[in-house]
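Observations on the three-dimensional arrangement
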Amino acid sequence: MQDMSGQLEKSVLDLAIAGGTLLTLSDSMEIIEDAFIGIRGEDIVLVGGRNSAECASLNAKETVDASGCLVMPGLINTHTHLPMVCFRGMADDLPLMAWLTKHIWPAEKKFVSKKMVHDGATLAMAEMILSGTTTFCDGYFHENAVAQAALSAGMRAVVAQGFADFIMPDRAAADRMMGVAKDFVDRWREYAPMITPAYFCHAPYTCSPENLSRVKEDARKEDILYLIHLLENRDETDVIYQRFGRKPVDHLRHLGILDEKTIAVHCNWLIAEDIGVLADAGVKISHNPESSMKLAAGVAPVPELLKRGVCVGLGTDGCASNNDMDMIREMDTAAKVHKVTAADPTVMKAETVCRMATIEGARVLGLEKITGSIEKGKKADVILIDMNQPHLTPLYNAYSHLVYAARGADVKASIINGRIVMKNRKLLTLDVREAMKNVRKVAADILNQHLV
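All of the points below concern the structure found in this document. (Residues numbered from 1 in each chain as written. Predicted model: local features only at pLDDT ≥ 70, side-chain atom pairs only at ≥ 80, totals over all residues. Heavy atoms only, no water.)

A few points about the overall build of the protein
The criterion, for reference: We count a stretch as a helix when DSSP gives it H or I for four or more residues in a row; a strand needs E for two or more, and each element gets its number in order from the N terminus. With C-alpha atoms as the basis for the radius of gyration, the globule rule is written as 2.2 Å multiplied by the number of residues raised to the power 0.38. Relative accessibility decides the category of a residue: with a 1.4 Å probe and only protein chains considered, values under 20% of the type maximum give buried, values over 50% give exposed, and everything between is partly exposed. Working rule for contacts: check all heavy atoms of both residues, and any pair within 4.5 Å makes them a contact. All accessible-area figures derive from a Shrake-Rupley calculation using a 1.4 Å probe, and residue coverage is judged against the displayed protein chains alone. Positive: Lys, Arg. Negative: Asp, Glu. His and the chain ends are not part of the count. Every charge is mapped to an atom, namely NZ of Lys, CZ of Arg, CG of Asp or CD of Glu.
Per the secondary structure count, the protein includes 16 helices and 19 strands. For the protein, whose C-alpha radius of gyration is 22 Å, the value lies close to the compact-globule estimate of 22 Å for 452 residues. With respect to the principal axes defined by its C-alpha atoms, the protein has extents near 65 × 45 × 45 Å. Expressed as a percentage of its 452 residues, the buried residues of the protein come to 59%. The long-range fraction of contacts in the protein, counting pairs at least 24 apart against all pairs at least 6 apart in sequence, stands at 71%. In the structure as shown, the protein presents an accessible area of about 18300 Å², 51% of it carried by carbon and sulfur atoms. In the protein, the 50 positive side-chain charges and the 58 negative ones have mean positions that sit 3 Å from each other.

Points about the packing of aromatic side chains
Geometry of an aromatic ring pair is reported as the spacing of the ring centres plus the angle between the planes. Basically, it comes down to this: Only Phe, Tyr and Trp rings take part, Trp by its six-membered ring, and two of them pair if their centres are within 6.5 Å. Stacked means planes under 30 degrees apart, edge-to-face means over 60, and tilted covers everything else.
Going through the model one piece at a time under the given rule, you end up with 4 aromatic pairs. Feature note: the residues Y140, F141 and F166 constitute an aromatic cluster, connected by ring pairs.

Let's talk about the sheet that holds strand 15 (residues 312-314)
Quick note on the threshold: Any two strands are treated as partners once DSSP identifies two or more bridges connecting them. Every axis in this analysis is a line fitted to C-alpha atoms, fitted for helices over the stretch in contact. Angles between the N-to-C directions lie between 0 and 180 degrees.
A sheet is described by the order of its strands in space; here 8 strands give the open sequence 8-9-10-11-12-13-14-15, paired in parallel fashion. Every other strand in the sheet has two partners, leaving strand 8 (75-80) and strand 15 as the edge strands with one partner each. Averaged over neighbouring strand pairs, the angle between their axes works out to 25 degrees when direction is ignored. Where strand 12 (residues 226-230) lies against strand 13 (residues 262-266), 5 bridges are found, and the strand directions are parallel.

What to know about the packing of helix 5 (residues 171-191) against helix 6 (residues 209-222)
Definition in use: Angular relationships are summarised with four words: roughly parallel below 35 degrees, roughly antiparallel beyond 145, roughly perpendicular across 65 to 115, and oblique for the angles in between. Throughout, a crossing is termed right-handed when the near helix is turned clockwise from the far one, and left-handed when it is turned anticlockwise from it by less than a right angle. Residues are grouped as follows: Ala, Val, Leu, Ile, Met, Phe, Trp, Tyr, Cys and Pro are nonpolar; Asp, Glu, Lys and Arg are charged; every other residue, Gly included, is polar.
Packing of helix 5 against helix 6 leaves a shortest axis separation of 12 Å and a crossing angle of 25 degrees. By the angle between their axes, helix 5 is roughly parallel relative to helix 6. Crossing of helix 5 against helix 6: the hand is right-handed. When helix 5 is examined against helix 6, the residues R171, A174, D175, M178, K182, V185, D186 and R189 are found in contact with a partner set consisting of N211, R214, V215, D218 and E222. Its residues assigned to classes, the contact of helix 5 with helix 6 comprises 4 nonpolar, 1 polar and 8 charged.

Looking at the pattern of salt bridges
So the rule is basically this: Only one rule defines a salt bridge in this text: a Lys or Arg side-chain nitrogen within 4 Å of an Asp or Glu carboxyl oxygen.
Within this structure, the stated rule accounts for 27 salt bridges. For the salt bridge of D381 with R156, the shortest nitrogen-to-oxygen distance reads 2.8 Å. With D381 in the loop between helix 14 (359-364) and strand 16 (382-386) and R156 in strand 10 (residues 156-163), this residue pair connects regions lying 225 residues apart in the sequence. Both residues of the pair, D381 and R156, belong to the buried class. Residues R171 and D175 are paired through a salt bridge, measuring 3.5 Å at the closest nitrogen-oxygen approach. Of this pair, R171 and D175 both sit in helix 5, separated by 4 residues, roughly a single helical turn. Residue R171 is classed as exposed on the basis of its relative accessible area, which comes to 58%. With a relative accessible area of 36%, D175 lands in the partly exposed category.

A closer look at the pairing of strand 10
To keep it simple, the criterion reads: The definition of a right-handed crossover adopted here requires that, viewed with the strands pointing away, the path from the first strand over the helix to the second runs clockwise.
When you tally the buried positions in strand 10, you get 8 out of 8 residues, the bulk of the element. Residues of strand 10 alternate between two faces, with R156, V158, A160 and G162 on one and A157, V159, Q161 and F163 on the opposite face, all of them buried. By the bridge criterion, 6 bridges tie strand 9 (residues 133-140) to strand 10 in an arrangement that is parallel. Note on strand 10: the bridge partner recorded for Y140 is Q161. With helix 4 (residues 143-153) bridging strand 9 and its parallel neighbour strand 10, the resulting β-α-β unit is right-handed. Sheet topology note: the strand 10/strand 11 (residues 195-201) ladder contains 7 bridges and is parallel. The partner of A160 across the bridge, within strand 11, is A198. For the handedness criterion, the β-α-β arrangement of strand 10, helix 5 and strand 11 is classed as right-handed.

Examining unusual backbone geometry
In this chain, N322 is followed by N323 through a cis amide linkage whose omega measures 20 degrees. Relative to the assigned elements, N323 resides in the loop between strand 15 and helix 12 (327-342). In this structure, P394 follows T393 across a cis peptide bond, with omega equal to 0 degrees. Structurally, P394 can be placed in the loop between strand 16 and helix 15 (398-404). Located in the positive-phi region is L25, a residue other than glycine, with phi close to 55 degrees. Secondary-structure assignment places L25 in the loop between strand 2 (21-23) and strand 3 (31-33). Phi is positive for L231, which is not a glycine, with a value near 50 degrees. With respect to the helices, strands and loops of the structure, L231 is situated in the loop between strand 12 and helix 7 (236-244).

Put into structure tokens, the structure is as follows:
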């Protein structure tokens, strides 16, 4: 809304963020000192210096004082299994396949329900909001419950219905599952603009070629994202080659899975030929370094992927394998693991990793036009990080402090879609005590079944 002079009308703003150092994460990577962000409804309508003529002339219904803070886009977690917060710490210090087959899958078979999924997802969202994540991508089962929890919490989400052979072992079961999945997509596409439905096939070794292809074909018809774990573990190459006579990336290429709406998660054991195939197809990557390190699963060749122009975002994975959802910690790990792996301290600079956690993560999820940077016309997904901390003093380089010194607990406020969801470390859209109580009940049942 503008007056005859082209200036924003006085008192037009619903919310303003005033002061602090703004990291826009725009293409120019502009940094604005003593910044001002004007928000009307869910949209950013003005970005500039607080003392500029345009900003100084405006009033707002509510103003958030960002003095002493870093102000930046909300963090984007490109891969989660939120309900697995219920299994946090349940089976640590084990190899990936032993962890999955002897502990996680048996626990999921016995305890996963709509209520468990909702309760776990709610607690995970509390943890994410408190540590600066405003958008996430989840893949699991009973995803209607995850979407409903996200709607209640006020988070932006890509919510992917999970597929694996054990829930669709024959054609009749596959038909039923695809019907459920289509209903899921139809419901959330129409019902809630902040929820984006997607499909998630667990892995090439847990989904038959028929199921992989069928789900991808339907994803193309629906024009939605398709996620898949790929080459998380070294053994996957031999397993897929023995079954199908092709290595994993070539197997997916042969099935027609790889395109610009495919997100491959982990990718720890890509070879140069694989990177070329993924780059040519426009496949996006979700890099989850802490989970892969904890499971000793491997390290994705992210510097090489970036050199080939592959879009890479960051993810935490689930709390059973991480064991937290702190994306600021994930940035720190992502930067350092590649430095030590390459024996080169110049790779994966702080600015690069920060972009992976924001605007590049938005590109991975196809949301770059609405979030991932602080720019006029985008949705107001903004976080404030309190820099008045001993471990953040003194300040020479904002990106360096954010990646190498900050913690999720330094996030002071989170705004999603123009709505304040956390202020002064207090959650405003969900009851964290109730969420913790519900998850503790799940844990008590697991202990009673002697699964730990």
